[in-house]
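Single-letter residue listing:
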Amino acid sequence: MKNKTIKDTLLNPSIGFDITIKGWVRTFRSNRFIALNDGSTIKNIQCVIDLNQWDEKLLKRITTGACISVSGKLTESLGAGQSVELMVTELEILGDSNPEEFPIQPKKHSLEFLRENAHLRFRTNTFSAVFRVRHAVSFAIHKYFNDRGYFYLHAPIITGSDAEGAGEMFRVTTLNDIKPPLNDQGHVNYKEDFFGKETNLTVSGQLEAELAAMALSKVYTFGPTFRAENSNTSRHLAEFWMIEPEVAFNDLVANMDLAEDFLKYVIKHVMDNCADDLEFLENRIIDEEKNIKAELKQPFPLREKLKHVLDNSFERVSYTDAITILRNSKPNKKKKFDYLIDEWGVDLQSEHERYLVEKHFGKPVILYDYPADIKAFYMRQNDDNKTVAAMDILFPGIGEIVGGSQREERYDVLVSKMKAFNIPEDEMWWYLDTRKFGTCIHAGFGLGFERLVLFITGMTNVRDVIPFPRTPKNAEF
Ligand code: 4AD
Ligand code: MG
């Protein structure tokens, strides 16, 4: 007898044939109907039991969460709600699940409760849908770049440099934490550490990607990155995944074009390939928002929101113009922003980003040419000597989803920039070497993977789109 997934079975139902399906019981009704799910799809298959055929002891073990194998003939269903059902002739309990103890009951659980049970939340419709979509997003990203001649570069996870120069790093050390070796100044002597120097978990693979782009022309990284920022928000993780394309000969405009095309491609791929999951997630939000005020509801159903991104070009606005818009905005004049916009040069907070995207433009926005002082050292200095060729992409409901720039390719400018930012030149000799030997203009960006999955699934907290979130004071599982 053929082992089949529920997805295959429902897509190509071999009516009249015997099949075997293995999965986890969602519900067992009237001692007769098992809703079985194997994770291959959001849909369950209905398995019908002839209760006279089985002894009561076995039937008692068919509980929510139990793992079972069922075999029998696939027939067209007479009942509403499903097209086919499996008439069970063989049934084996592979793994019992004590209903008194199994935390995931067939009822609505809060997302917070499920976060505490992240090891079992895959068993729910919501999380199985989210993680199937997460997979599809990841696959689409690789496909996009592969089909366009990019090479996937594995940047190191342990690094000796701070790529963003923001000092938000997790130290990696094997030194004895009670009595570490000290140097002459009485500080911990990292020369005696595993790598013979201070090392950290990477905050970004960009610098390494730049090195590779200066030979392979088009590369991208896709890996975990780590930030020890104490941000307890629904958009920040201490461990998140980032996609960082880096392209030789691209300027800032080409960089924006790439990012926009790439984001649209990935969203379209998920719409084309995850229709059932998106439909489920869309209805989940509608249900979730049933009892909240209209102004707090999502403005569009999920799939319409995604389509809106595909159908519109992203608004490209310079930082300077954005400041003018914000300065003259209602919330600024009425002092509704927590941080009022007064002078050119201030960093934008997420309240400002969301105002621009959600209220002013009503679609994704690319902000570019930021003040040099609020951006990283590697961004290319513009001719005005005030701004750099940076770009951030802002998405509705999310805020910043992409951060990127054209890179400073001129050796002298880069060196003086590093001096100004207190970036130790001797530690970055390898980065500077690319500017010494065959330098060229190049550009790239970083996409926060979880923020994109958050947008596509319509979930509201990044902790719910990564299997096991790492956030301040939380590294369970
Ligand atoms: O803007 P960021 O810090 O840019 C960089 O790291 C550059 N090196 C990228 C590049 O040019 N190659 O981070 C890029 C994106 C952000 O726009 C955001 O989407 C995401 O990474 N991100 C986070 N996502 C979740 N949790 C965090 N703590 C994040 N920090 C940044
Ligand atoms: Mg950024």
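Analysis parameters
Residues numbered from 1 in each chain as written. Chains lettered and ligands numbered in written order. Predicted model: local features only at pLDDT ≥ 70, side-chain atom pairs only at ≥ 80, totals over all residues. Heavy atoms only, no water. Near = heavy atom within 4 Å. Polar contact = N/O pair within 3.5 Å; in protein donor to acceptor, adjacent residues only side chain to side chain. 1 Å grid on protein atoms, 1.4 Å probe; cavity = no way out; pocket = protein on both sides within 12 Å on 5 of 7 lines; lining within 4 Å. Sits in = over half its atoms within 2 Å of the grid points. Helix = DSSP H or I, 4+ residues; strand = E, 2+ residues; numbered from the N terminus. Nonpolar A, V, L, I, M, F, W, Y, C, P; charged D, E, K, R; others polar. Core = buried A, V, L, I, M, F, W, Y, C linked by side-chain atoms within 4.5 Å. Buried < 20%, exposed > 50% of the residue type's maximum accessible area, 1.4 Å probe, protein only. Contact = heavy atoms within 4.5 Å. Pairing = 2+ DSSP bridges. Points joined across faces, edges and corners; volume = space filled by probe spheres on them.

*Asks:* Which residues make up the site of ligand 1, and what values go with them?
*Replies:* The environment of ligand 1 is formed by 23 residues, the closest being Glu-164, Gln-206, Glu-244, Glu-400 and Ile-401. Contact between ligand 1 and Glu-400: an oxygen atom at 2.6 Å from a side-chain N or O atom of the residue. At 3.3 Å from an oxygen atom of ligand 1 is found a main-chain nitrogen or oxygen belonging to Gly-448. Placement of ligand 1 is best described as lying within the largest pocket. Top element by residues in the shell around ligand 1 is strand β16 (residues 399-406). It accounts for five residues. When its residues are assigned to classes, the shell around ligand 1 shows seven nonpolar, eight polar and eight charged.

*Asks:* Report on the nonpolar core, specifying residues and quantitative values.
*Replies:* Of all hydrophobic cores here, the largest spans 63 residues; its most connected members are Val-137, Ile-141, Phe-262, Met-391, Ile-393, Phe-395 and Ile-456. A total of 11 residues in this core trace back to one element, the largest contributor, which is helix α4 (residues 125-147). Apart from residues lying up to four places away in sequence, Val-137 is in contact with Val-266, Val-270, Phe-449, Leu-452, Val-453 and Ile-456. Counting 33 residues, the second-largest nonpolar core is a separate cluster that includes Phe-377, Tyr-378, Val-415 and Met-428.

*Asks:* An account of the pairing of strand β17 (residues 442-448) is requested, with residue identities and associated values reported.
*Replies:* Most of β17 sits inside the fold, with seven of its seven residues counted as buried. Of the two faces of β17, the one lined by His-442, Gly-444, Gly-446 and Gly-448 and the one lined by Ala-443, Phe-445 and Leu-447 are each fully buried. Taken together, the five bridges between strand β12 (residues 239-248) and β17 define a ladder with antiparallel strand orientation. Note on β17: the bridge partner recorded for Glu-246 is Gly-444. Strand direction decides the pairing type here: β16 and β17, joined by five bridges, are antiparallel. Across the sheet, the residue bridging to Gly-404 is Phe-445, located in β17.

*Asks:* I'd like a rundown of the layout of surface pockets, residues and numbers included.
*Replies:* Considering only enclosed or pocket space, the largest pocket measures out at about 1,400 Å³ in volume. Lining the largest pocket we find 49 residues, and of these Arg-227, Glu-229, His-236, Glu-400 and Arg-451 sit closest to its centre. Listed by contribution, the elements that provide at least two residues to the lining of the largest pocket are β12, α11 (350-361), β15 (387-395), β16, β17 and α14 (449-457). Top element by residues in the lining of the largest pocket is β16. It accounts for six residues. Considered class by class, the residues forming the lining of the largest pocket number 19 nonpolar, 14 polar and 16 charged. Looking at the second largest pocket, its volume works out to about 990 Å³.

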